[in-house]
Amino acid sequence: MALISFLGGMLSGILIEKLQKSVFHGVRIRRIEKNKQHWVQSQQITRKQEKILMDDGRELQGYIYSSDVTPETAPSIIFFHGLGGFAQDYNFEVFLSSLCLAGYRVFAYDFRASGNSRIAGEPHILKTLSESFVHRVYQDVHFAFEWVYNHIGVDQQHIFAIGASFGGSMVLSQLLHEERVGKIIALCAPHDSRVMFEQHFKQGSFFKRMLYKSVVRHIPDEEAFLTAFHEESPVCQIKEEVSYENRIFLAHSKNDNVVLFKENFEHNKFQMRLPDVNCMVFDQGGHEFAGNQAPLMARILFWLQN
């Protein structure tokens, strides 16, 4: 009994320590984001804000990045952030800044219930999810693209799309067959979001099960919610008769513990019949490509320019 009590106490201590580290890390990141300490600081970067009007009258917060080497009419990129994040967060602001310093005009926006698109008193996006909301967020992609396509200073012959995580799923579904998009880059993109939610979160570790329960707790019809995510996923949009070799680039980390490598990257690559040159795979780096952002950006720029 003493041994069982000791082991139980040790396990509880480990879980509490992990939880504390996670909470403290989250608080630190939010403080950095609030103070914009993660922004690439340079007078050669220009950041502008614009409101994007959706078809239902909702305004979303948009951002436009350019630099001293961005031409007046520039090749342009629209960037889609991840679920639970926002366009200028700790993970993505460096991508926007790096791309504009390479001469691109870069556009991004905060999704509904995210970042500066969130209305005062509105629940966070993870507490807003439902069947209708999922379809609505994916539909917004088309209106955001039109915002970029018709914007002053955009070279309409050279528009590209980049999405990370949830944003990767969005570009691989909603813009996959948009002929006005030259190339699409998906980073750690889900293949079938329903499968991801069910296998990795709903049936995953204790903490992931708790996270899943907190997300779906308010949803009146969990089955309809999961079905909506499936219907909007790349798995339902990829066409067997279409060649994606000259348009699609995928990147992933093998140790990604959010969007698992084998169940997502390998299925996306296989279904689109992409050669290895269209892919960048890291052994380490996790969901955020930690330590690999520079080589990833180098490969992205190579892909865009070739």
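Residues numbered from 1 in each chain as written. Predicted model: local features only at pLDDT ≥ 70, side-chain atom pairs only at ≥ 80, totals over all residues. Heavy atoms only, no water.

A short note on the overall build of the protein chain
When helices and strands are tallied, the protein chain shows nine helices and eight strands. Relative to the compact-globule value of 19 Å for 306 residues, the protein chain shows a C-alpha radius of gyration of 20 Å, a close match. Overall size of the protein chain, expressed as C-alpha extent along the three principal axes, is 75 × 45 × 40 Å. A sequence separation of at least 24 residues applies to 73% of the contacts in the protein chain between residues at least 6 apart. For the protein chain, the computed accessible surface area is about 15,200 Å², with 55% contributed by carbon and sulfur atoms. Here the protein chain holds 31 positive side-chain charges and 34 negative ones, and the gap between their average locations is 8 Å. (Helix = DSSP H or I, 4+ residues; strand = E, 2+ residues; numbered from the N terminus. Rg over C-alpha atoms; globule rule 2.2 N^0.38 Å. Contact = heavy atoms within 4.5 Å. Areas by Shrake-Rupley, 256 points an atom, 1.4 Å probe, with all protein chains shown as cover. Lys, Arg positive; Asp, Glu negative; His and termini not counted. Charge placed at Lys NZ, Arg CZ, Asp CG, Glu CD.)

Focus: the packing of helix α2 (residues 93–101) against helix α9 (residues 293–305)
Running from N to C, α2 and α9 cross one another at 45 degrees; their axes reach a closest spacing of 11 Å. Comparing the axis directions of α2 and α9 gives the class oblique. Crossing handedness for the pair α2 and α9: right-handed. When α2 is examined against α9, the residues Phe95, Ser98 and Leu99 are found in contact with a partner set consisting of Leu296, Met297, Ile300, Leu301 and Leu304. Grouping the amino acids of the contact of α2 with α9 by side-chain chemistry returns seven nonpolar, one polar and no charged. (Axes fitted to C-alpha atoms, helices over the stretch in contact; angles between N-to-C directions. Parallel < 35°, antiparallel > 145°, perpendicular 65-115°, else oblique. Left-handed = near helix turned anticlockwise from the far one by under 90°. Nonpolar A, V, L, I, M, F, W, Y, C, P; charged D, E, K, R; others polar.)

Some details on unusual backbone geometry
Glycine aside, negative phi is the norm for most residues, and most peptide bonds take the trans geometry. In this model, Ser165 sits at a positive phi of 60 degrees, which is unusual for a non-glycine residue. With respect to the helices and strands, the residue Ser165 is situated in the loop between β5 (154–164) and α4 (166–174). For Ser165, a relative accessible area of 14% corresponds to the buried category. (Buried < 20%, exposed > 50% of the residue type's maximum accessible area, 1.4 Å probe, protein only.)

Quick notes on the sheet that holds strand β2 (residues 59–67)
Within a sheet, neighbouring strands are paired by backbone hydrogen bonds and run either parallel or antiparallel to one another. Strand order in the open sheet made by the eight strands is β1-β2-β4-β3-β5-β6-β7-β8, with mixed pairing throughout. Strands at the two margins of the open sheet, each flanked by one partner only, are β1 (45–53) and β8 (279–282). Going from strand to strand, the sheet's axes swing by 20 degrees on average, the running direction of each strand aside. With four bridges connecting them, strand β7 (residues 248–253) and β8 associate as parallel partners. (Pairing = 2+ DSSP bridges.)

Quick look at the pattern of salt bridges
Enumeration over the complete set of coordinates arrives at 14 salt bridges. Residues Arg180 and Glu178 are paired through a salt bridge, measuring 2.9 Å at the closest nitrogen-oxygen approach. Looking at Glu178, the relative accessible area reads 18%, which means it is buried. Salt bridges linked by common partners bring Asp55, Asp56, Arg112, Arg136 and Asp140 together as one network. (Salt bridge = Lys/Arg side-chain N within 4 Å of Asp/Glu carboxyl O.)

A word on α4
The element α4 is extensively covered by neighbouring structure, given that nine of its nine residues are classed as buried. The set of residues buried in α4 consists of Phe166, Gly167, Gly168, Ser169, Met170, Val171, Leu172, Ser173 and Gln174.

Comments concerning the side chain of Glu93
Looking at the secondary structure, you find Glu93 in helix α2. With a relative accessible area of 0%, Glu93 lands in the buried category. Among the polar contacts listed, one links the side chain of Glu93 to the side chain of Arg47, at a separation of 2.7 Å. Apart from the residues lying within four places of it in its own chain, the contact partners of Glu93 are His38, Trp39, Val40, Arg47, Tyr65, Ala87 and Gln88. (Polar contact = N/O pair within 3.5 Å; in protein donor to acceptor, adjacent residues only side chain to side chain.)

Topic: the packing of aromatic side chains
In the structure shown here, the tally under the stated rule is 16 aromatic pairs. Between Tyr138 and Phe166, the ring centres sit 5.5 Å apart and the planes meet at 85 degrees, which makes this aromatic pair edge-to-face. In this pair, Tyr138 sits in helix α3 (residues 131–149) while Phe166 sits in helix α4, placing the two residues 28 residues apart along the sequence. Neither Tyr138 nor Phe166 differs from the other in exposure class; each is buried. Following the ring pairs from residue to residue traces out a cluster consisting of Phe80, Tyr109, Phe111, Tyr138, Phe166, Phe197, Phe225 and Phe229. The ring of Tyr149 carries Arg180 above its face, with NZ or CZ at 4.6 Å from the centroid. One residue, Lys183, lies across the ring of Trp303, its end atom 5.0 Å from the ring centre. (Phe/Tyr/Trp six-rings, centres within 6.5 Å; stacked < 30°, edge-to-face > 60°. Lys NZ or Arg CZ within 6 Å of the ring centre and 35° of its normal.)

Section: the packing of α3 against helix α7 (residues 222–231)
Packing of α3 against α7 leaves a shortest axis separation of 8 Å and a crossing angle of 20 degrees. If you check the angle between α3 and α7, you find them roughly parallel. Here α3 runs over α7; the crossing is right-handed. In contact with Glu131, Val134, His135 and Tyr138 of α3, α7 contributes Ala224, Phe225, Ala228, Phe229 and Glu231. For the contact of α3 with α7, the residue count by class is six nonpolar, one polar and two charged.

That's the geometry; what it means functionally is another story.
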